[in-house]
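Reading the structure
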Amino acid sequence: MTHAHARSVDTGTDTVRAEIVDRVAVLTFHRPQRRNALHPEMYEAVPRLLEQFAESADVGCVLVTGAGNAFCAGGDVRDGGSAKDVPAGDPEEQIRARSALLADNARMVTLLHSMPKVTIAALPGAAVGAGMSIALATDLRIAARSARLIPGWAKLAFSGDFGGAWLLTHLVGPSRALELLVGDAPIDAAAGERLGLFNRVVDDADLPAAAQRWAAEIAAGPTAAFAGAKANILDAQRLSLAEALLPESARMVRSALTQEHRDAVRAWLASASNKVGARS
């Protein structure tokens, strides 16, 4: 995505591009010739950028997308995927070492899922394997009508990575998640919307503007309150109602002390006063 008043962010690699416009940090996977398949340089750059955006007062929302007509084709099998060299030796030790490397490569999904800023994925086309996991790790998803979610792992006799099974289980339930992973069939935009995997579906040509507009609306809102709401929803997935009430209440009290709350109250009172004046 390019914008006339965007501020470019140095990513340190040609495989990822980033800019900030209207308080929206736009992060773009940029390997269109390989359908934005993951590249080793992305594993360092993307988490670093997400951590930077999470802390930046200039960013109110994070939007992740892909260049060209794909979101992300997952691990680039032709380049060895996410594998890295590990010392030869005991097979179990090699498994442990490779597992640790793969989990570290997948840090971007935990950051998208848990960072205090609202995160959105805009899918111009297919999201495959780890690419699907990255899309599902965001809080909200908007898809072009031509977009597809493709598990892809079973076709290569893989069990799955980047939190794909965890994310699907939390979004659609365990039985449906297993059905989708074992069946390995593409999930088109209409089916994705029915399943709740896509929040919005738009015409292909409208996706960049619609995604930016949605993200800018969120970024212009009370982002500290949104961070609290996101934390409450994360708590709802791991705590009982009784356990969740105290941290929820603490966030409510903290939100009442913010300047954005005071500004919102003043705006609400002014609007209410104007309505009363108009009726009298």
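Residues numbered from 1 in each chain as written. Predicted model: local features only at pLDDT ≥ 70, side-chain atom pairs only at ≥ 80, totals over all residues. Heavy atoms only, no water.

What follows concerns the overall build of the chain. The helix and strand inventory of the chain stands at 11 helices and 11 strands. Against the globule reference of 19 Å for 280 residues, the chain gives a C-alpha radius of gyration of 20 Å, in line with a compact fold. The C-alpha extent of the chain, read off along each of the three principal axes, is 80 × 50 × 35 Å. Scored against the burial criterion, the 280 residues of the chain give a buried share of 42%. Across the chain, every contact between residues at least 6 apart in sequence was considered, and the portion connecting residues at least 24 apart equals 67%. Looking at the chain as shown, the accessible area adds up to about 14,600 Å², and 57% of this sits on carbon and sulfur atoms. Side chains of the chain give 29 positive and 31 negative charges; the mean places of these two sets differ by 5 Å. (Helix = DSSP H or I, 4+ residues; strand = E, 2+ residues; numbered from the N terminus. Rg over C-alpha atoms; globule rule 2.2 N^0.38 Å. Buried < 20%, exposed > 50% of the residue type's maximum accessible area, 1.4 Å probe, protein only. Contact = heavy atoms within 4.5 Å. Areas by Shrake-Rupley, 256 points an atom, 1.4 Å probe, with all protein chains shown as cover. Lys, Arg positive; Asp, Glu negative; His and termini not counted. Charge placed at Lys NZ, Arg CZ, Asp CG, Glu CD.)

On to the environment of Ala256. Inspection of the secondary structure assignment puts Ala256 in helix α10 (residues 241-256). Remark: the alpha-carbon pair of Ala256 and Ala225, spanning 31 residues in sequence, is separated by 9.2 Å.

Here the chain is described as being made up of domain 1 (7-220) and domain 2 (223-278). Taken together, the 15 residues of domain 1 in the interface contact six residues of domain 2. Buried area between domain 1 and domain 2, summed over both chains or domains, comes out near 680 Å², and the portion from carbon and sulfur atoms is 58%. Between domain 1 and domain 2 we count one salt bridge in total. The salt bridge involving Asp139 is made with Lys230; its shortest N-O contact spans 2.7 Å. Between the two partners, domain 1 and domain 2, sit four residue pairs in polar contact (both at pLDDT 80 or more). Elements that contribute at least two residues to the side of domain 1 that touches domain 2 include exactly α3 (107-114), β6 (118-123), α5 (164-172) and α8 (207-219). In terms of residue count, the dominant contributor to the side of domain 1 that touches domain 2 is α3 (three residues). (Domains from an automatic or database assignment. Buried area = accessible area lost by both parts, 1.4 Å probe. Salt bridge = Lys/Arg side-chain N within 4 Å of Asp/Glu carboxyl O. Polar contact = N/O pair within 3.5 Å; in protein donor to acceptor, adjacent residues only side chain to side chain.)

This part covers the layout of surface pockets. When its volume is computed, the second largest pocket comes out at roughly 380 Å³. Surrounding the second largest pocket, 19 residues form its lining, His113, Thr138, Asp139, Ile233 and Gln237 being those nearest its centre. Elements with a contribution of two residues or more to the lining of the second largest pocket: α4 (130-137), β8 (140-144), α5 and α9 (223-236). For the lining of the second largest pocket, the element with the most residues is α9, which contributes five residues. Class assignment of the residues belonging to the lining of the second largest pocket gives a composition of 12 nonpolar, four polar and three charged. When we break the lining of the second largest pocket down by domain, the ones giving at least three residues each are domain 1 (7-220) and domain 2 (223-278). (1 Å grid on protein atoms, 1.4 Å probe; cavity = no way out; pocket = protein on both sides within 12 Å on 5 of 7 lines; lining within 4 Å. Points joined across faces, edges and corners; volume = space filled by probe spheres on them. Nonpolar A, V, L, I, M, F, W, Y, C, P; charged D, E, K, R; others polar.)

Looking now at the sheet that holds strand β11 (residues 200-202). As summarised here, the arrangement of the seven strands in space is β1-β2-β3-β4-β6-β8-β11, forming an open sheet in which the pairing is mixed. A strand with exactly one partner marks an edge of an open sheet, and here the two such strands are β1 (7-9) and β11. This sheet shows a mean twist of 20° between the axes of neighbouring strands, independent of strand direction. Relative to strand β4 (residues 61-66), strand β3 (residues 24-29) is paired through six bridges, and the arrangement is parallel. Of the residues in β4, the one forming a bridge with Thr28 is Thr65. Its contacts with the sheet place helix α1 (residues 40-55) against β1, β2 (16-21), β3 and β4, and it is angled at close to 175° to β3. Set on the sheet, α4 makes contact with β3, β6 and β8; between it and β6 the angle comes to about 135°. (Pairing = 2+ DSSP bridges. Axes fitted to C-alpha atoms, helices over the stretch in contact; angles between N-to-C directions.)

The subject of this paragraph is the sheet that holds strand β9 (residues 148-150). As summarised here, the arrangement of the four strands in space is β5-β7-β9-β10, forming an open sheet in which the pairing is mixed. Of all the strands in the sheet, the pair left with one neighbour each is β5 (70-72) and β10 (187-188). When strand β7 (residues 126-128) meets β9, the two strands line up parallel, connected through three bridges. Along β9, the bridge assignment pairs Ala127 with Leu149.

Further remarks concern the pairing of β2. A large share of β2 lies buried, amounting to five of its six residues. Looking at chain direction, β1 and β2 are connected through three bridges and run antiparallel. Directly across from Ser8, in β2, lies its bridge partner Glu19. Hairpin connection from β1 to β2: six residues lie between these consecutive antiparallel strands, with Gly12 at a positive phi of about 80°. Remark: two residues form the turn of the hairpin made by β2 and β3, two consecutive strands paired antiparallel; Asp22 in that turn has positive phi of roughly 55°.

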